[in-house]
Amino acid sequence: MDRRQFLAGSAALMTSAVWASSVDKLLALDSAQTVAREPWAIGFSGAEGDYQLLTMQVSGEWPAQLNGNLYRNGPAKMSRAGKAYQHWFDGDGMVQQFSVSNGQIQHQAKFIQTKKFKVEEAAGAFKYTTAGTVIPNALPIRNNDDLNVANTSLLPRHGELLALWEAGSPYRLDAQTLTTLGVKSFGDKFKGLPFSAHPLDDGQGGLWNFGVWYVGGEKQLLVYQVASDDSIARMEVIELPQASYLHAFAQSENKLVFYISSCVYEEGETYIDAFKWRPELPSQLLVIDKADFKARQLHPLPAGFVFHFGQAIEKNDELSVQLCLYPNSAILTQGMKGLLTGERKTKTPHAELVTITVPLTVPLTVASKAQFAETLSSSARINRSGVMMEFPQFSQHIMSKKQTSGEKAFAEKTGGASAFVPLFGVGARSDSAVNSGSSSNFKYEAESDSESGLSNTLYCIHNAKDSSKHSADTLGYASYSEFYLGKGKIAEEPLYIPAIEQHEAYLLMTWLDYHNAQSGLSLFRASDISAGPIASAQMNRVLPLGFHGCFIEA
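Residues numbered from 1 in each chain as written. Predicted model: local features only at pLDDT ≥ 70, side-chain atom pairs only at ≥ 80, totals over all residues. Heavy atoms only, no water.

- As recorded by an unreviewed UniProt entry, the chain carries the name Carotenoid oxygenase and is attributed to Shewanella oncorhynchi.
- The Cofactor (unreviewed entry) comment attached to the chain in UniProt states, word for word, "Fe(2+)".
- As stated in UniProt under Sequence similarities (unreviewed entry), the record for the chain gives "Belongs to the carotenoid oxygenase family." (UniProt positions renumbered as here; feature names shortened; annotations may be inferred.)

Examining the side chain of Asn151
Okay, step 1: Among the structural elements, Asn151 can be located in the loop between helix H3 (115-123) and strand E8 (153-157).
Okay, step 2: A relative accessible area of 2% places Asn151 in the buried class.
Okay, step 3: Engagement of the side chain of Asn151 in a polar contact is seen with the backbone oxygen of Phe89, the distance being 2.8 Å.
Okay, step 4: For Asn151, the contacting residues outside a window of four places in its chain are Asn73, Gly74, Pro75, Phe89, Asp90, Gly91, Asp92, Gly93, Leu164, Trp165 and Phe547. (Helix = DSSP H or I, 4+ residues; strand = E, 2+ residues; numbered from the N terminus. Buried < 20%, exposed > 50% of the residue type's maximum accessible area, 1.4 Å probe, protein only. Polar contact = N/O pair within 3.5 Å; in protein donor to acceptor, adjacent residues only side chain to side chain. Contact = heavy atoms within 4.5 Å.)

Points about H3
Okay, step 1: When we look at burial in H3, the residues that qualify are Lys116, Phe117 and Glu120. Looking straight down H3, one finds that the buried residues subtend no more than 95° of arc, so they occupy a single side.
Okay, step 2: On its buried side, H3 packs onto strand E4 (79-80), strand E6 (92-101) and strand E7 (104-111).
Okay, step 3: Where H3 terminates, the next one or two residues include Gly124, which has phi positive at roughly 70°. (Arc of directions from axis to C-beta.)

Regarding the sheet that holds strand E23 (residues 318-326)
Okay, step 1: The strand order E22-E23-E24-E25 describes an open sheet built from four strands, whose pairing is antiparallel. The outermost strands of the open sheet, each flanked by one partner alone, are strand E22 (305-315) and strand E25 (381-388). Averaged over all neighbouring strand pairs, the angle between strand axes comes to 20°, with direction disregarded.
Okay, step 2: Here E22 runs beside E23; their pairing, made up of seven bridges, is antiparallel. Residue Ile313 lies in a different strand from E23, and its bridge partner there is Ser320.
Okay, step 3: Strands in contact with helix H4 (residues 330-341) are E22 and E23; relative to E22, the strand with the most contacts, it is inclined by about 135°. (Pairing = 2+ DSSP bridges. Axes fitted to C-alpha atoms, helices over the stretch in contact; angles between N-to-C directions.)

Structural notes on the nonpolar core
Okay, step 1: Leu221, Leu246, Phe258 and Phe307 are the most contacted members of the largest nonpolar core, which totals 53 residues.
Okay, step 2: At the level of secondary structure, the elements contributing two or more residues to this core comprise strand E13 (207-213), strand E14 (220-226), strand E17 (255-260), strand E18 (263-265), strand E20 (283-289), E22, E23 and H4.
Okay, step 3: Examining the composition of this core, we find that five residues originate from one element, H4, more than from any other.
Okay, step 4: Beyond its immediate sequence surroundings of up to four residues, Leu246 is in contact with Glu166, Phe210, Val212, Tyr214, Leu221, Leu240, Phe258, Tyr259 and Ile260.
Okay, step 5: Formed by 26 residues, the second largest nonpolar core is a distinct cluster that contains Met94, Val100, Leu523 and Ile534. (Core = buried A, V, L, I, M, F, W, Y, C linked by side-chain atoms within 4.5 Å.)

A few points about the pairing of strand E32 (residues 506-513)
Okay, step 1: Most of E32 sits out of view: eight of its eight residues are buried.
Okay, step 2: Residue alternation in E32 divides its side chains into two sets, Tyr506, Leu508, Thr510 and Leu512 and Leu507, Met509, Trp511 and Asp513, and both sets are buried.
Okay, step 3: Relative to E32, strand E31 (residues 489-497) is paired through seven bridges, and the arrangement is antiparallel. Bridge pairing links Ile490 to Leu512 in E32.
Okay, step 4: When E32 meets strand E33 (residues 518-525), the two strands line up antiparallel, connected through eight bridges. In the strand pairing of E33, Leu512 is matched with Ser519.
Okay, step 5: Here E32 hands over to E33 after four residues, with Ala517 in that stretch at a positive phi of 50°.

Re the side chain of Thr129
Okay, step 1: As for its placement among the helices and strands, Thr129 is situated in the loop between H3 and E8.
Okay, step 2: For Thr129, a relative accessible area of 7% translates into the label buried.
Okay, step 3: Within the structure, the side chain of Thr129 is placed 3.1 Å from the backbone nitrogen of Ile135, a separation counted as a polar contact.

Encoded structure:
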């Protein structure tokens, strides 16, 4: 298959999932009313309009030298004309801006003016079937960007802010005013290029990224490199062993790493419904050489499911990659529906931080159209941490070896001699299972849960200072530290702010206090999160819970 066929088919991927519009799948208010009875559901009610500039109430000591903007993205338009979406992924994107300046914090937010959003705003009703919800009498979808909600993450690029989604073009935003500037172009011949929400920095001013094409039984992954001038430098279509749901990937010094899960695209009334859990199919770790996309390896693994990755390193002819591993895909197919509909019959499992190690010595060169048959290796090892967490964050500066003196000091303080640097994330703990600010040697109880089932605790996974005492299986993990936010709070993705000469490394995290109908953010020292936030800011606004963001220093 050539590039033009792939790009033409990517729109069909989203539309061909919708084979029916049966009455029981149409939008209904009862779902919204059911979930509204839960106190935490205010985080999924969405927003009616933009948020004007508001000064937040601050507490603690905000470092005077820490100035910049925290941006976050997420689904925010969840209902129109008495109809409510059925899956968290469906809401139209809204970018939140928290401006930090001389200890003062201001907030504003705007809906991203995608084509879909503008059509539905004018109509006063939903007009497009989305990834997880069937819309009656929906308009036809002609390309990816007809249903692009731009609601997943944000990427600073060439002085602008790019709002990203799973399968469509980035939308360009003015980083100061949040005004939507239009669709990002990578050249006319790449119009509609599927641009995943988690591109990776290639270290040369460009990006690594991917898209998928599963129409008509195809099982194809498009891997490409964006040059520093935003032209497409390289591109390869790769045959996969199964049409797996893919959200993100990782990179080591020389490799790109994908987790091919046992959640497989088949048929369904929506794109999400088309994914089925097939535990009889092994998951597999796909390792691709950065210098030659045709050189790759595939390592079979037990059935599992992954959204997000941590670090990946190469050492002693082995590749080790951190990821947040679910035992099944219920979080995608059931859990995120239950958050909006109230239909939460059983708890969906949490993700566990694990490290998968595979050999790099297995020689394998695959022609561009060849299958992976007869190339499997069975030597993968899985190291389980016992910590249930998601949204992993770490110092990209340390991993890329572009360290400031401040980052070098942070590495020394937190175990920089280890192959892996400290990893941060959030997870759910029950009120009865928590000691705020505790530190432990991985005695986390997997069955612990919060009132909402969502994250309420910040974690830091520490690494041993003397990495020689640990094998590749343990990866130098020594312990973890944590901070519990408190009853009625939901923690969002923590963002790592690298140390520079003027300040140390920090963690900045937004949260929702659903008992008090407040949203806020807290600042932690990255070297000691268990001490709690050194500063916070809050406001009497309930912001829609979102996914990913970024921080741009002033």
